[in-house]
Amino acid sequence: MPNIKIFSGSSHQDLSQKIADRLGLELGKVVTKKFSNQETCVEIGESVRGEDVYIVQSGCGEINDNLMELLIMINACKIASASRVTAVIPCFPYARQDKKDKVGSRAPISAKLVANMLSVSGADHIITMDLHASQIQGFFDIPVDNLYAEPAVLKWIKENILEWKNCTIVSPDAGGAKRVTSIADRLNVDFALIHKERKKANEVDRMVLVGDVKDRVAILVDDMADTCGTICHAADKLLSAGATKVYAILTHGIFSGPAISRINNACFEAVVVTNTIPQEEKMKHCPKIQVIDISMILAEAIRRTHNGESVSYLFSHVPL
């Protein structure tokens, strides 16, 4: 693939390497370091003049440092005369701060701020996966390709859950209803919804199950899990409603704070996440976590973007 360079930020080198291997490319040389006052320094180690540049950096770990590193890398490539710079952000940072709630009318819309920062730094195109709210695409004035883990999730369900034809796909909150109905329709199974009432952020007060899971396998599907309070509550609710087994499938497994101990103590058969965020360390402490590799979806999106082909095929198919 001529005139293409892929660089990796420091947030998820393993995923970047898998994408490069899939495309038959070497990762570009880049040195990222910190000065003693914690300022980020980036040195691009090869020419990018006239190249189509892709920078892979996920919004995880030290999120603010990694976001700043991405902005600096984009700017470094842009002022080194790259013809186009695409930010590949598997997990978009600050995606949950996408609107003002009725309660906190003075709350920021930080996802819009991040969009502005990416545009100002010089990004020409964004590739991301399972945005928390798809309207974030509208925060940008540059093209945004929001890929979906859904085809990979469907493949995993069919290959790993024997009783998948007798399952119910469950959304742990009203916001994920659209995502869940799409998967349920493609599997031709029922779906259910858990309505939760929150008293304050990260604390769920009461849950009501809408739908039937009695004598069925329940598969909780969500775009991300952070402290895992919601999905663990939901799993208990589903078991008490008569579900035979409970699985959780999440695109972004953030797993901060007490998440790992909650999953270990919960009644899940498995908690399945994609590798948009590195999971190696968490898997050592939690045998229930399983990972779906989505590097081939991102690699194919990069290949198609570079060649000027349509990306919409990836919305319903997993590349071989």
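To be clear, the structure that these remarks concern was listed above.
Source: prediction; values computed, not measured. Just so you know, the residues in each chain are numbered from 1, in the order the chain's sequence is written. This being a predicted model, a pLDDT of at least 70 is required before a residue's local features are given, and a value of 80 or more before pairs of side-chain atoms are given or counted; all residues contribute to the totals for chains, interfaces and linings. Side-chain metrics rest on all non-hydrogen atoms present in the structure, leaving aside hydrogens and water.

Novice: Explain empty space enclosed by the protein to me, please; I cannot follow it from the model alone.
Specialist: Remark: the empty space left among the atoms is shown by a probe the size of a water molecule rolled over them. Only protein atoms enter the calculation, which uses a 1 Å grid: trapped sets of points that fit a 1.4 Å probe without letting it out are cavities, open sets showing protein on both sides within 12 Å along at least five of seven lines are pockets, and any residue with an atom within 4 Å of a point is a lining residue. Grid points are joined across faces, edges and corners, and a volume is the space filled by probe spheres set on the points. Under the counting rule described, the total for this entry stands at one cavity of 30 Å³ or more. Put simply, the largest cavity is a space of about 40 Å³. What lines the largest cavity is simply Gln57, Ser58, Gly59, Ile63, Asn66, Leu67, Leu70, Ile89 and Pro93. Helix and strand labels come from DSSP, where a helix needs a run of H or I of at least four residues and a strand needs a run of E of at least two; each type is numbered from the N terminus. A total of four residues in the lining of the largest cavity trace back to one element, the largest contributor, which is helix H2 (residues 63-79).

Novice: What exactly am I supposed to notice about the state of the cysteines here?
Specialist: Here, disulfide denotes a covalent bond that connects the sulfur atoms of two cysteines. We call a pair of cysteine sulfur atoms a disulfide when they lie within 2.5 Å. Here the structure, examined in full by the defined rule, presents zero disulfides. There is no disulfide at Cys167, and the cysteine sulfur nearest it, in Cys267, is 16 Å away. Just so you know, Cys286 is unpaired, no disulfide at all, and the nearest cysteine sulfur is the one on Cys228, 8.7 Å from it.

Novice: I tried to follow the sheet that holds strand E4 (residues 52-56) on my own but got confused; where do I start?
Specialist: The strands that make up a sheet pair up through hydrogen bonds in the backbone, lying either parallel or antiparallel. The strand order E1-E4-E5-E6-E7 describes an open sheet built from five strands, whose pairing is parallel. Each edge of the open sheet carries a strand with a single partner, namely strand E1 (4-8) and strand E7 (144-147). Averaged over neighbouring strand pairs, the angle between their axes works out to 15° when direction is ignored. By this definition, two strands are paired if DSSP reports at least two bridges between them. Sheet topology places strand E5 (residues 84-89) next to strand E6 (residues 125-129); four bridges connect them, and they run parallel. The residue of E6 that forms the bridge with Ile89 is Thr128. Orientation is described by lines fitted to C-alpha atoms, with helices fitted over the stretch in contact, and by angles between N-to-C directions that extend from 0 to 180 degrees.

Novice: What is the right way to read the pattern of salt bridges from this model?
Specialist: Here the idea is simple: oppositely charged side chains can pair when their charged atoms come close. Any carboxyl oxygen of Asp or Glu within 4 Å of a side-chain nitrogen of Lys or Arg constitutes a salt bridge here. If you walk through the whole model with that rule in mind, you get 18 salt bridges. Close ionic contact of Lys33 with Glu43 constitutes a salt bridge, the shortest N to O distance being 3.2 Å. Of this pair, Lys33 sits in strand E2 (residues 30-34) while Glu43 sits in strand E3 (residues 40-44), and the two are ten residues apart along the sequence. Judged by relative accessible area, Glu43 falls into the partly exposed class, the value being 41%. Here Asp52 and Arg84 are joined by a salt bridge, their closest N and O atoms 2.8 Å apart. Remark: Arg84 occurs in strand E5 and Asp52 occurs in strand E4; sequence separation between them is 32 residues. Three labels apply to residues, based on accessible area from a 1.4 Å probe with only protein chains included: buried if under 20% of the type maximum, exposed if over 50%, partly exposed otherwise in between. Looking at Asp52, the relative accessible area reads 6%, which means it is buried. Residues joined in a network through salt bridges with shared partners are Glu300, Arg303, Arg304 and Glu309.

Novice: Explanation requested: the nonpolar core in the structure shown.
Specialist: Across soluble globular proteins, you tend to see nonpolar side chains buried next to one another. To qualify as a nonpolar core, a set must consist of buried Ala, Val, Leu, Ile, Met, Phe, Trp, Tyr and Cys residues joined through side-chain atoms within 4.5 Å. Ile19, Leu147, Ile157, Ile169, Ile219 and Ile302 are the most contacted members of the largest nonpolar core, which totals 45 residues. Element by element, the count of residues in this core is highest for helix H9 (residues 295-307), at six residues. Contact criterion: two residues are considered in contact whenever any of their non-hydrogen atoms come within 4.5 Å of each other. Not counting residues within four places of it along the chain, the set of residues in contact with Ile219 comprises Ile157, Ile161, Cys167, Thr168, Ile169, Val170, Tyr247 and Ile249. Core analysis: the second largest hydrophobic core is formed by 30 residues, Val48, Ile89, Val114 and Ala123 among them.

Novice: Please explain the environment of Phe255 as it appears in this structure.
Specialist: Looking at the secondary structure, you find Phe255 in the loop between strand E12 (245-253) and helix H7 (259-265). For Phe255, a relative accessible area of 5% corresponds to the buried category. Put simply, Phe255 and Glu281 are 26 residues apart on the chain and 11 Å apart in space, counted from C-alpha to C-alpha. Apart from the residues within four sequence positions on either side, Phe255 is in contact with Ala225, Asp226, Cys228, Leu250, Ile260, Ile263, Val271, Val273, Gln279, Lys282 and Ile289.

Novice: Can you help me understand the pairing of E5 in this one?
Specialist: Looking down a regular strand, the side chains alternate between one sheet face and the other. Along E5, five of the six residues are buried, which leaves the element largely enclosed by surrounding structure. When E4 meets E5, the two strands line up parallel, connected through five bridges. Bridging from a neighbouring strand, Asp52 pairs with Arg84 of E5. With its strands directed away from the observer, a crossover is right-handed exactly when the path from the first strand over the helix to the second travels clockwise. As a crossover connection, the stretch from E4 through H2 into E5 is right-handed.

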